[in-house]
Amino acid sequence: MSEHQHSHEMTDSLWRQAISATLHCLTGCAIGEVLGMVVGTALGWGNLATVVLSVALAFVFGYSLTMRPVLRAGLPLAAALGVAFASDTVSISVMEVVDNAFVVTIPGAMEAGLASGLFWATLAASLVIAFVVTVPVNRWLIARGRGHAVMHAYHH
């Protein structure tokens, strides 16, 4: 194998890992985001309170999904929390800033209500945009042994 081929395979592998890590992060973020938006909107909360709830739940679900395989690998809870914080904090933060900024900037999206196509289309679009922005961030982190690279020791 030539050095160029090896370099190309390493680059492909990094992109695959970054996409996988971002999809994993997106799952937790989407659950928390949707739940927060639904609860905040259903309770008639303002934009700020709804966004704060969504972000908090995105972190809770994001970290929880990361901790499951780590706990199954036998790590104690405190150590599993450390791994989750190390692997997902930057990824979830980037995703949350991007998707919430998008939802808040679309006129009427937050006020549209749960029965509105605008509300759901905006929320879906925000998650897609956040995914696209977060993949290169995760690739950069993984290439430096950070982010989801921390998780690889616990995957069987």
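Because the structure is predicted, anything quoted here is derived from the model rather than measured. (Residues numbered from 1 in each chain as written. Predicted model: local features only at pLDDT ≥ 70, side-chain atom pairs only at ≥ 80, totals over all residues. Heavy atoms only, no water.)

Peer 1: Can you break down the overall build of the chain residue by residue, with the values?
Peer 2: Within the chain, the regular secondary structure consists of four helices and zero strands. Ordered by position in the sequence, the α and β elements of the chain form the string α-α-α-α. Seen through its C-alpha atoms, the chain measures out along the principal axes to roughly 60 × 40 × 20 Å. Of all 156 residues assigned to the chain, the portion counted as buried reaches 40%. (Helix = DSSP H or I, 4+ residues; strand = E, 2+ residues; numbered from the N terminus. Buried < 20%, exposed > 50% of the residue type's maximum accessible area, 1.4 Å probe, protein only.)

Peer 1: Now, about the packing of aromatic side chains: what can you tell me, with residues and values included?
Peer 2: Tallying each qualifying case throughout the model produces three aromatic pairs. Summarising the aromatic geometry, the rings of Phe59 and Tyr63 are spaced 5.7 Å apart at their centres and angled 50° between planes, so their arrangement reads as tilted. Residue Phe59 and its partner Tyr63 are both found in helix H2 (residues 47-72); the two are separated by four residues, about one turn of the helix. The exposure class assigned to Tyr63 is buried, which follows from its relative accessible area of 11%. On the numbers, 4.7 Å between centres and 90° between planes, the contact of Tyr63 with Phe85 is edge-to-face. Of this pair, Tyr63 sits in helix H2 while Phe85 is found in helix H3 (residues 77-105), placing the two residues 22 residues apart along the sequence. Overall, Phe85 belongs to the partly exposed group, its relative accessible area being 41%. Following the ring pairs from residue to residue traces out a cluster consisting of Phe59, Tyr63 and Phe85. (Phe/Tyr/Trp six-rings, centres within 6.5 Å; stacked < 30°, edge-to-face > 60°.)

Peer 1: Can you lay out the packing of H3 against helix H4 (residues 117-143) for me, pointing to particular residues and giving the numbers?
Peer 2: Between H3 and H4, the least distance of the axes is 8 Å, while the angle of their chain directions is 150°. Here H3 is positioned roughly antiparallel relative to H4, judged by the angle of their axes. Crossing geometry of H3 relative to H4 is assigned as right-handed. The residue makeup of the contact of H3 with H4, split by class, is 15 nonpolar, five polar and one charged. (Axes fitted to C-alpha atoms, helices over the stretch in contact; angles between N-to-C directions. Parallel < 35°, antiparallel > 145°, perpendicular 65-115°, else oblique. Left-handed = near helix turned anticlockwise from the far one by under 90°. Nonpolar A, V, L, I, M, F, W, Y, C, P; charged D, E, K, R; others polar.)

Peer 1: Lay out the nonpolar core with the relevant residues and their values.
Peer 2: The nonpolar side chains of soluble globular proteins are, as a tendency, buried together. Core analysis: the largest hydrophobic core is formed by 25 residues, its most contacted members being Cys29, Val70, Ile92 and Met95. Beyond its immediate sequence surroundings of up to four residues, Ile92 is in contact with Cys25, Cys29, Ala58, Phe59, Gly62 and Tyr63. (Core = buried A, V, L, I, M, F, W, Y, C linked by side-chain atoms within 4.5 Å. Contact = heavy atoms within 4.5 Å.)

Peer 1: Explain the environment of Ala143 to me, using residue names and the numbers behind them.
Peer 2: Within the secondary structure, Ala143 is located in helix H4. Residues Ala143 and Ile19, 124 residues apart in the sequence, show an inter-C-alpha distance of 13 Å.

Peer 1: Residues and numbers for H4, please.
Peer 2: With 27 residues, H4 extends 39 Å from end C-alpha to end C-alpha; this agrees with the ideal 39 Å at 1.5 Å per step. The principal kink in H4, of about 30°, is found at Thr134, preceding the proline Pro136 by one to four residues. By the N-cap criterion, in which a side-chain oxygen at the helix start approaches the backbone nitrogen of a residue two or three places on, H4 is capped by Ser116, the distance to Leu118 being 3.0 Å. Gly145, located one to two residues past H4, shows a positive phi value of around 75°. (Expected span 1.5 Å × (residues − 1). Bend = angle between axes of the 7 residues up to and from the residue. Polar contact = N/O pair within 3.5 Å; in protein donor to acceptor, adjacent residues only side chain to side chain.)

Peer 1: Before we move on, could you go through the packing of H2 against H3 and cite the residues and values that matter?
Peer 2: Closest axis-to-axis distance for the H2/H3 pair is 8 Å, and the angle between their directions is 145°. Every pair of crossing elements has a handedness; the one defined by H2 and H3 is right-handed. The residue makeup of the contact of H2 with H3, split by class, is 16 nonpolar, seven polar and two charged.

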